[in-house]
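# Overview (structure and organization)
Residues per chain are reported as follows:
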Amino acid sequence: MQPLADQLIRSWIHADPGAWPYTQAVYLLFMLIAGALLTTFTAVFSGIVSWYERRLAGRMQSRIGPNRVGPAGFLVWVADALKLISKEDTIPGDSDHALFRAGPYFVVTGLVLTFVALPFGDRLIAADMNLGLFYILSVTALVVVGLIMSAWSSNSKWSLVGGIRSAAQVVSYEIPAGLAIMVPVLLAGSLSTQGIIRAQGGPAGGSFFLAGGWPWNWFVFDDPMAFVSFFVFLTAALAEGNRTPFDLPEAESELVSGYNTEYSGMRFSFFFLTEWANLWVMSALATLLFLGGWQIPGVAPEVIGHSAALVFVSFLVFVVKTVALVNVVIWLRWTLPRIRVDQMMVLCWKYLVPIEMAAVLLTALWMLGFAHLVPAAQSAIHGVFFLAAGAVPLVLFLRQTFANLRLTSDRVDLTNW
Amino acid sequence: MTEAVLFWLFAVVAVAGGLGVVLARDPLHGALSLLAAFFALAGLFLLLAAQLLAVLQVLVYAGAILVLFLLVILLLDLGPARAAASPPGVVKLAGALGALGLAGLLCTLFLSASFPPAVPPSDFGAVAAVGRVLFIDYTLPFEAISLLLLAAILGAVVVAKGKV
Amino acid sequence: MLAVSQLGSWLPIALLFLVAAGLALALASVSALVGPRRARGVHDESFECGSEAIGSARERFGVKFYVVALLFIVFDVEGVFLYPWAVLFRELAWPGLAAMGFFVATLAIGLVYVWKKGALDWEH
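Only a predicted model underlies this, so the values are computations on that prediction, with no experimental measurement involved.

## Overview of the overall build of chain B
- Along chain B, the regular secondary structure elements total 6 helices and 0 strands.
- A compact globule built from 164 residues would reach a C-alpha radius of gyration of about 15 Å, whereas chain B, at 20 Å, exceeds it by more than 25%.
- Each principal axis of the C-alpha distribution contributes one length, and for chain B these read about 55 × 40 × 25 Å.
- Burial status across chain B gives 29% buried among its 164 residues.
- Sequence separation of 24 or more characterises 54% of the internal contacts of chain B that already satisfy a separation of 6 or more.

Written out as structure tokens, the structure reads:
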């Protein structure tokens, strides 16, 4: 934030930010604007995704989905918001009123606060803290506390079972998620979100095919452990966001709606705002940790800051990657059935945690083993690994898809979207 | 100036949170007062330039220990109806005397001690600086922590054994 | 002075907190103003799928949730130590790997113990 403000002061007002008397005021104004932008982004993104997910689900289940309000039903999220605002805010008589009202605020602010350290492009970040990732992990604690508060204060059996399941699930999966994050932190040697992205920019002074955000510079293809960690992180993030196949806390077929059963109107919508905004948070985290963040292929990271156009391109790169991951998460939700509670615990503690403990130590070993290699040789290793890791699943996926098409004598149909 | 204002803000919230923990009838309200106290303490750590400690305060205490407290409150059904009966007068008197004695001791200690202004190194409180102290200067105590954590795991299983 | 200049990077958090909480509060207030208020009575009861609620919902829960929470704290603390180590690893090199290897191995023994004791199996 501050470097961007400094740059603007230099280029527009032609003043030295260090000496100019109003620099602090400009910083403050910038932060307020950033705060308003981020909050609006959270609300609008979750609104649009709520429409998008329903359209996509309709497509996957051979039905239409919302198509009444606006073109292709796009404005349905605005209509939903208006409806939710104008609904009664019911508070059960024998609930703990103060906690019942306060719970959703904890959930919403806990999630929105993570956006402070989430980048959107080179220089496009509210605060590039050197503890960024640590900070993101810690503020999500508010979400868990808010969920337990809401669940307990509702004084409803559905809410309580949902809340306690959610708490157990979120805290369990925080362990493999935290350990999986450790692998990129090890590789980058930094906890700053921008620092981790910069570390994925290829060797300094590399040629066109070595510099910037080429896939062979991404951490996911750096070594086998990082490749595994990427999928462990995605799984754990799904569970932490209570997304299918880990939606046991709100399992509508057994718990009505879980921890938000007793809520209505605006407070009810806060939970869903959080769930959809969390799609962005988890996808953005996966992008910045493993998929090269906003690095532009072929452009060295030091060059980007000098041109507004390149900064915009870096923003586009980041958004495209993140939205692609959001698509994967939605795709998973409408493909997989819900897993059982015992499977959920076994997957976390007996598979993901031991795998990640080994992965962190093996990554360290790998780094020491290849430390004497020159950067070009390292890039060659990454390139080979990238080709192998990328090609095998792609070939298998295509084979399966065409086999399915042949068996069902269906055809690829992209009309009627 | 800003520092003093922030210090008093955080200090008042921390003390109020602490009082809330002791005085709240409902254990869940007490736990939430604890949350406020944790966040205020994190703010105080920030004022002392101990950034890592501030984030850890939130991550470990608000994120893990408070969640354990909340779960235990839920597990045991410690609603306000089950609040313990008021203790007998002798216990109250002993408690008050003990608290007064401790407060007096702390006050005399703080008033007699001198606090020379410390000049921290420029990277004070950053991750790398803390890591260097932890992994180079104090390797053995660090390894001892793993044994402590192992004991905690064993303890948890022993306590819950047969009921799992 | 040092502290205040460092606090600068934490200011956006405080501001975003105020903006986010303010927006949530504003939305809920608008909803309270616009939304209807219905008569009390059955309307206020908690939802039990149409059946009458029997007793309080705040019942006791299985102790296995407690084991999960305690395991979480232990491994969370492990993670807390891993982060500075990961940031500093290039400097620590082999001695660092040995130190953390011992640390993680000790905790892995704990995980194996819990596993063998069956505390990780949900159904019993």
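The discussion continues.
## A short note on the overall build of chain C
- Along chain C, the regular secondary structure elements total 3 helices and 0 strands.
- Within the span of chain C, comprising 124 residues, buried residues form 36% of the whole.

## Focus on the confidence of the model for chain C
All names here are of chain C.
- Looking at chain C, pLDDT values average 78 and 73% of them are 70 or higher.
- Mean pLDDT values for the elements of chain C range from 49 in helix 1 (residues 2–7) up to 87 in helix 3 (residues 64–116).
- Long-range and interchain partners of residues 1–5, a stretch whose pLDDT sits below 50, account for 7 contacts in this model, where long-range means more than four residues apart.
- ipTM for the predicted complex: 0.84, alongside a pTM of 0.87.

## Regarding unusual backbone geometry
- A positive phi angle, near 55°, is found at Ser-62 of chain A, a position not held by glycine.
- Mapped onto the secondary structure, Ser-62 of chain A falls in the loop between helix 2 (23–60) and helix 3 (76–85).
- A positive phi angle, close to 50°, is found at Ala-93 of chain C, a residue other than glycine.
- Tracing the backbone shows Ala-93 of chain C in helix 3.
- Judged by the 13 C-beta atoms lying within 10 Å of it, Ala-93 of chain C falls in the partly exposed class.

## A few points about the interface of chain A and chain C
- Counting from both sides, the interface comprises 67 residues of chain A and, opposite them, 58 residues of chain C.
- For the side of chain A that touches chain C, the secondary-structure elements that each account for two or more residues are helix 2, helix 4 (97–113), helix 7 (157–188), helix 11 (265–290) and helix 14 (341–369) of chain A.
- Among the elements that make up the side of chain A that touches chain C, the one with the highest residue count is helix 14 of chain A (15 residues).
- For the side of chain A that touches chain C, the class distribution of residues is 43 nonpolar, 14 polar and 10 charged.

## Side note on the interface of chain B and chain C
- Across the contact, 44 residues belong to chain B and 45 residues belong to chain C.
- Of all elements in the fold, only helix 1 (2–23), helix 2 (27–47), helix 3 (51–76), helix 5 (127–137) and helix 6 (139–160) of chain B reach the threshold of two or more residues within the side of chain B that touches chain C.
- Here the side of chain B that touches chain C is composed, by residue class, of 32 nonpolar, 6 polar and 6 charged.

## Section: helix 7 of chain A
Residues and elements named next belong to chain A.
- Over its 32 residues, helix 7 runs 46 Å from end to end, which matches the ideal 46 Å to within 8%, given 1.5 Å per residue.
- Of all the bends in helix 7, the largest measures some 25° and sits at Glu-174, one to four residues before the proline Pro-176.
- Burial analysis of helix 7 places 31 of its 32 residues in the buried class, the great majority of the element.
- Directly after helix 7, the chain includes Gly-189, whose backbone phi takes a positive value near 65°.

## Quick word on the packing of helix 11 of chain A against helix 2 (residues 11–34) of chain C
- In the contact formed by helix 11 of chain A and helix 2 of chain C, the axes pass within 8 Å of each other and the chain directions differ by 145°. Touching Gly-265, Met-266, Arg-267 and Phe-270 of chain A of helix 11 of chain A are Ala-24, Leu-27, Ala-28 and Ser-31 of chain C, all from helix 2 of chain C.
- Classifying every residue of the contact of helix 11 of chain A with helix 2 of chain C by side-chain character gives 5 nonpolar, 2 polar and 1 charged.

## Here's the deal with the environment of Leu-186 of chain A
- Tracing the chain through its elements places Leu-186 of chain A in helix 7.
- With 78 residues separating them along the chain, Leu-186 of chain A and Ser-264 of chain A place their C-alpha atoms 45 Å apart.
- Look past the residues within four positions of Leu-186 of chain A in its chain and what remains in contact with it is Val-360, Thr-363, Ala-364 and Met-367 of chain A together with Ala-86 and Phe-89 of chain C.

## Things to note about the domain arrangement of chain B
Residue and element names in this part refer to chain B.
- Along its sequence, chain B is carved into domain 1 (1–80) and domain 2 (123–164).
- Taking the mean C-alpha position of each, domain 1 and domain 2 sit 22 Å from one another.
- Facing the 5 residues of domain 1 at the interface are 5 residues of domain 2.
- Residue classes in the side of domain 1 that touches domain 2 are distributed as 4 nonpolar, 1 polar and no charged.

## Brief notes about the environment of Pro-297 of chain A
All names here are of chain A.
- Relative to the elements of secondary structure, Pro-297 occurs in the loop between helix 11 and helix 12 (301–304).
- Here the alpha-carbon distance between Pro-297 and Pro-215, two residues 82 residues apart in the chain, equals 8.2 Å.
- Setting aside anything within four residues of it in sequence, one finds Pro-297 in contact with Gly-212, Gly-213 and Trp-214.

## Considerations on the packing of helix 5 of chain B against helix 3 of chain C
- Direction vectors running N to C along helix 5 of chain B and helix 3 of chain C enclose 25°, while the axes themselves pass 8 Å from each other. Classified by the angle between their axes, helix 5 of chain B and helix 3 of chain C sit roughly parallel to one another. The interaxial crossing formed by helix 5 of chain B with helix 3 of chain C has right-handed handedness. For the pair formed by helix 5 of chain B and helix 3 of chain C, the contact residues are Val-127, Ala-128, Val-130, Gly-131, Arg-132, Leu-134 and Phe-135 of chain B on the first element and Tyr-83, Pro-84, Trp-85, Val-87, Leu-88, Leu-92, Gly-96 and Ala-99 of chain C on the second.
- Across the contact of helix 5 of chain B with helix 3 of chain C, the residue classes break down as 12 nonpolar, 2 polar and 1 charged.

## Structural notes on the nonpolar core
- Residues Val-145 and Phe-233 of chain A together with Phe-38 of chain B are the most contacted members of the largest nonpolar core, which totals 201 residues.
- Examining the composition of this core, we find that 25 residues originate from one element, helix 3 of chain C, more than from any other.
- Residues contacting Phe-38 of chain B, with those up to four places away along its chain left out, are Gln-57, Val-58, Tyr-61, Ala-62 and Leu-66 of chain B.

## Digging into the environment of Leu-285 of chain A
All names here are of chain A.
- Tracing the backbone shows Leu-285 in helix 11.
- Residue classification places Leu-285 among the buried positions, given that 24 C-beta atoms sit within 10 Å.
- Taking the C-alpha atoms as reference, Leu-285 lies 19 Å from Val-313; in sequence the two are 28 residues apart.

Reading the values: the criteria
Residues numbered from 1 in each chain as written. Chains lettered and ligands numbered in written order. Predicted model: local features only at pLDDT ≥ 70, side-chain atom pairs only at ≥ 80, totals over all residues. Helix = DSSP H or I, 4+ residues; strand = E, 2+ residues; numbered from the N terminus. Rg over C-alpha atoms; globule rule 2.2 N^0.38 Å. Buried ≥ 20, exposed ≤ 12 C-beta atoms within 10 Å, placed from the backbone. Contact = placed C-beta atoms within 7 Å. pLDDT = per-residue confidence, 0-100. Nonpolar A, V, L, I, M, F, W, Y, C, P; charged D, E, K, R; others polar. Expected span 1.5 Å × (residues − 1). Bend = angle between axes of the 7 residues up to and from the residue. Axes fitted to C-alpha atoms, helices over the stretch in contact; angles between N-to-C directions. Domains from an automatic or database assignment. Parallel < 35°, antiparallel > 145°, perpendicular 65-115°, else oblique. Left-handed = near helix turned anticlockwise from the far one by under 90°. Core = buried A, V, L, I, M, F, W, Y, C linked by C-beta atoms within 7 Å.

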